[in-house]
Amino acid sequence: MKKIFPILSIVTVALLGYALYLALVVAPTDALQGEVYRIIYYHVPSAWTAFLLFFINFVASIRYLTRSKASTENAAKWVAIGIGVVGLVAPFLPPVRRLIPPGMEPSAVATTIVLIPALYFLVGKLFPGDRLDVLAVTSAEVGVVFCTIVLITGPLWARPVWGIWWAPGDIRLTSTLVLWLIYVSYLVLRRFSNSAQTQMLAAALAVFGALDVPLVYLSIWFFRTQHPQPVIGGGGSMDPRMLHVLLFSWLAFLLFGFLVCWSRFRLELLKREVEQAHAMESLAGAEDSEKASLPLSRSSR
Amino acid sequence: MTSFWAVLSATLVKDIRLEWRSKDALNSMLFFSLLVVVIFVFSFDPLAEESRHIVGGLVWVAFLFAAVVALNQTWARELRNQVLDAYRVSPAPANALFLAKSVGNFLFVSVLEALMTPLFIVFYNLHVLGPAWQLIPIALLGTWALVVNGTFFAAMSLRTRNREIMLPLLLFPISIPAVLGMVAGTTAVLTGENSAHFYIVLLLTYDVVFTTASLALFGTILHAE
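Residues numbered from 1 in each chain as written. Chains lettered and ligands numbered in written order. Predicted model: local features only at pLDDT ≥ 70, side-chain atom pairs only at ≥ 80, totals over all residues. Heavy atoms only, no water.

1. Focus: the overall build of chain A
Under the convention used in this document: Starting at the N terminus, helices and strands are each numbered in turn, a helix being any DSSP run of H or I of at least four residues and a strand any DSSP run of E of at least two. Throughout, exposure labels follow a simple rule: accessible area from a 1.4 Å probe, protein chains only, divided by the maximum for the residue type, with under 20% read as buried, over 50% as exposed, and the rest as partly exposed. Contact definition: two residues touch when any of their heavy atoms are within 4.5 Å. The protein chains shown are the only cover counted for residues, whose accessible areas, like all others here, come from Shrake-Rupley with a 1.4 Å probe.
Within chain A, the regular secondary structure consists of nine helices and zero strands. Counting helices and strands in the order they occur from the N terminus, chain A gives α-α-α-α-α-α-α-α-α. Per-residue burial for chain A yields a buried fraction of 40% across its 301 residues. Residue pairs in contact within chain A that sit at least 24 positions apart in sequence constitute 79% of those at least 6 positions apart. In the form shown here, chain A has an accessible surface area of approximately 16900 Å², with 71% of it arising from carbon and sulfur atoms.

2. As for the overall build of chain B
Just so we agree on the cut-off: Throughout, radius of gyration means the C-alpha value; the globule benchmark is 2.2 Å times the number of residues raised to the power 0.38.
In terms of regular secondary structure, chain B is built from eight helices and zero strands. Its helices and strands in sequence order give chain B the pattern α-α-α-α-α-α-α-α, from N to C terminus. What you see for chain B is a C-alpha radius of gyration of 18 Å, in line with the 17 Å of a compact globule of 225 residues. Per-residue burial for chain B yields a buried fraction of 52% across its 225 residues. Of all intrachain contacts in chain B linking residues separated by at least 6 positions in sequence, the fraction that spans at least 24 positions is 85%. Here chain B displays about 10000 Å² of accessible surface, and carbon together with sulfur accounts for 71% of that area.

3. Some details on the interface of chain A and chain B
Condition: By buried area we mean how much accessible surface two parts lose on assembly, using a 1.4 Å probe and totalling the loss over both. Any carboxyl oxygen of Asp or Glu that lies within 4 Å of a side-chain nitrogen of Lys or Arg is treated as forming a salt bridge with it. Within 3.5 Å is the distance limit for a polar contact, defined as a pair of N or O atoms, with the added protein rule that one can donate a hydrogen and the other accept it, and that residues adjacent in sequence qualify only through two side-chain atoms. Ten residue types, Ala, Val, Leu, Ile, Met, Phe, Trp, Tyr, Cys and Pro, are classed as nonpolar, four, Asp, Glu, Lys and Arg, as charged, and the remainder, Gly among them, as polar.
If you look at the interface, chain A gives 29 residues, while chain B gives 30 residues. Interface area for chain A against chain B, summed over the two sides, is near 2700 Å², with a carbon-plus-sulfur share of 81%. For chain A, the biggest contributors to the area lost against chain B are F192, F208 and L215 of chain A; these three give 26% of the whole. Counting across the interface, chain A meets chain B through zero salt bridges. Along the contact surface separating chain A from chain B lie one residue pair in polar contact (both at pLDDT 80 or more). Elements with a contribution of two residues or more to the side of chain A that touches chain B: helix 7 (171-192) and helix 8 (198-219) of chain A. When residues of the side of chain A that touches chain B are assigned to their parent elements, the largest contribution, 13 residues, is made by helix 8 of chain A. Broken down by class, the residue content of the side of chain A that touches chain B amounts to 20 nonpolar, seven polar and two charged.

4. Quick word on the confidence of the model for chain A
Note the following rule: Think of pLDDT as the predictor's per-residue confidence, scored from 0 to 100.
Within chain A, residue pLDDT values average 83, and 88% of them lie at 70 or more. Counting contacts from residues 296-301 of chain A, a segment whose pLDDT is below 50, to residues more than four positions away or on other chains yields zero contacts.

5. A look at the packing of aromatic side chains
What counts is decided by this rule: Under the pairing criterion, centres of Phe, Tyr and Trp rings, with the six-membered ring standing for Trp, must be within 6.5 Å; the plane angle then separates stacked pairs below 30 degrees from edge-to-face pairs above 60, leaving the rest tilted. Ring-over charges, as used throughout, are those where CZ of Arg or NZ of Lys falls within 6 Å of the ring centre and within 35 degrees of the ring normal.
Counted by the stated rule, this structure contains 29 aromatic pairs over all chains. Counting every residue linked through ring pairs, the aromatic cluster contains F208 of chain A together with W75, F98, F152, F153, Y206, F210 and F218 of chain B. One Lys or Arg, K23 of chain B, reaches over the ring of W20 of chain B and ends 4.9 Å from the middle of that ring.

6. Points about the environment of W157 of chain A
Residues and elements named next belong to chain A. Structurally, W157 is set in helix 6 (residues 131-162). Considered as a pair, W157 and I40 are 117 residues apart in the sequence and their alpha carbons are 8.3 Å apart. When residues no more than four places from it in sequence are discounted, the contact partners of W157 are Q33, V36, Y37, I39, I40 and H43.

7. Quick word on the packing of helix 5 (residues 94-124) of chain B against helix 8 (residues 197-223) of chain B
Residues and elements named next belong to chain B. Put simply, the rule reads: The angle between two axes is taken between their N-to-C directions and runs from 0 to 180 degrees, where each axis is a line fitted to C-alpha atoms and a helix contributes only its stretch in contact. Orientation labels follow simple angle bins: below 35 degrees gives roughly parallel, above 145 gives roughly antiparallel, 65 to 115 gives roughly perpendicular, and whatever is left gives oblique.
It is at 9 Å that the axes of helix 5 and helix 8 come closest, and there the two elements cross at 110°. In terms of orientation, helix 5 lies roughly perpendicular with respect to helix 8. Here A94, N95, F98 and L99 of helix 5 lie close against helix 8, whose contacting residues are S214, L215, F218, G219, L222 and H223. Taken together, the residues of the contact of helix 5 with helix 8 break down into six nonpolar, four polar and no charged.

8. Some points on the nonpolar core
Where we set the bar: Residues enter a nonpolar core if they are buried and are Ala, Val, Leu, Ile, Met, Phe, Trp, Tyr or Cys, with the set joined through side-chain atoms within 4.5 Å.
Residues F152, F153 and M156 of chain B are the most contacted members of the largest nonpolar core, which totals 118 residues. With residues up to four places along the chain from it excluded, the contact list for F153 of chain B reads L205 and F208 of chain A together with L167, L170, L171 and I174 of chain B. Listed in part, the 16 residues of the second largest apolar core include A27, Y41, W157 and A252 of chain A.

9. Concerning the environment of A202 of chain A
All names here are of chain A. Positionally, A202 belongs in helix 8. Residue classification places A202 among the buried positions, given a relative accessible area of 0%. Measuring from C-alpha to C-alpha, the distance between A202 and I83 comes to 25 Å, with 119 residues separating the pair along the chain. Here A202 is in contact with Y186, L189 and R190, once residues within four sequence places are set aside.

10. Quick word on unusual backbone geometry
All names here are of chain B. Positioned with a positive phi, K23 is a non-glycine residue whose angle comes to about 55°. You can see K23 is positioned in the loop between helix 1 (2-22) and helix 2 (24-43). One non-glycine residue with positive phi stands out, namely N81, at about 60°. As for its placement among the helices and strands, N81 is situated in the loop between helix 3 (48-79) and helix 4 (83-89).

11. Side note on the packing of helix 2 of chain B against helix 5 of chain B
All names here are of chain B. Definition in use: Handedness of a crossing follows from how the near helix is turned relative to the far one, being left-handed for an anticlockwise turn of less than a right angle and right-handed for a clockwise one.
Relative to each other, helix 2 and helix 5 sit at 25°, their axes nearing to 10 Å. One element, helix 2, and the other, helix 5, form an angle in the roughly parallel class. In the crossing of helix 2 with helix 5, the sense of the turn from one axis to the other is right-handed. Here helix 2 contributes L26, M29, L30, S33, L34, V37, F40 and V41 to the contact with helix 5, which in turn contributes F108, V109, V111, L112, L115, M116, L119, F120, F123 and Y124. Partitioned by chemical class, the residues of the contact of helix 2 with helix 5 number 17 nonpolar, one polar and no charged.

12. Structural notes on the pattern of salt bridges
Residues and elements named next belong to chain B. Under the definition given, this model contains 15 salt bridges over all chains. With a closest N to O distance of 3.8 Å, D15 and R77 form a salt bridge. Note that D15 is positioned in helix 1 and R77 in helix 3, a separation of 62 residues in sequence. The same class applies to D15 and to R77, which are both buried. Close ionic contact of R88 with D85 constitutes a salt bridge, the shortest N to O distance being 3.1 Å. Residue R88 and its partner D85 are located together in helix 4, separated by three residues, close to a single helical turn.

In structure tokens, the structure reads:
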């Protein structure tokens, strides 16, 4: 494990450097926006990475909440399987197929939905017991960092292109901002509560946050959206060379995110081990001093 | 099931009686929201036409802040004499306690709203252009949305350091869709420019989703050790 980390770091640096070269030099200039558009190679991969990390946080929180009782864990398992089966079949049915935007393949939608139960079982397999909570805190922290990058690069890009820094009432902008706010409040809760129940409280808050996101989306439904539709699968209007660079950038960002998560995960595990060792030590110390002080107190009496 | 309703009504009656005798929450909420209204009146001095557009936001901001005052007291009361610990070891259903607290807070905040709304009308010379009856479902559903999540997060922030400040930090981000529904719905009714139906449905959805989630998770929060 320890040998892979430096190798992976070097690979990530190389990939990020190559992605920067691709983004600045190789990718063609946008016909309408000019050079400004190149920020997309930072903006979009960060957004995808952030959303993926928030989703991992949600899955880990659900697993953490349901693991205390066998019956709820079973129920959650069957719900995950149900989502997978429905997601695999439904996109091919004619009534659902009509709802899928043109240019998006039903098979692509089905694969994406099947990834949800796959992730659910993968997380449960790789992170048993308390490691689920460590995964939740790690993914939330790194997710907030990537989401902050999205929220900073977004206005930087919007100002020259739309003429405004921020479009209030826009569906994607607002829901990303609310997502960021929810996860910041999640981290604040974790910071302010250092009792034994923190993990349970944080997991419950993560579930509330995840329930909130579709409602935020719905609540801004009425407003006109200024943000462009997703470039992948949406209209297919993107130059394939640009798409290639974008996907490569995403790969580099994903690897970078994974690396940061990994080191944060190890740090958190070590921190908890140290805390536990300290607790055990002080417990043993208290017992010793009790034994030592007993004859003394008796003799003094 | 009978024990569920017995616990619910006993807790609710106890809370109402406590509030009736002390009037702690209601008085502080009333004075607080009065201060907010007065500060708003000094800050903006709008014409009747403009005020219809902004007063929806002002009203709900005032009520949101005032509700936090009441919500912070709702569980703190149970910490004295270890009432909450006694409740935790008793076999009484946790959700009965939660629902009683939520309904109690709902009543207190509703009373506050009923008392404060005339003041807003007086200060801002309001007169409603849309169908005024729609304000009632918006107010009821919106208040429940604030109170059900607020009661849940107040129970959550009991276990944290400086819990008074923790409640708004947890409650406000999650409440954004509900606040948007209340404000936009109220503005729609006041100005009469568009229909508020969508916002009523939105608030109803929000209430159903978060009431279910709170009931499902409250036992875990109460018994988390």
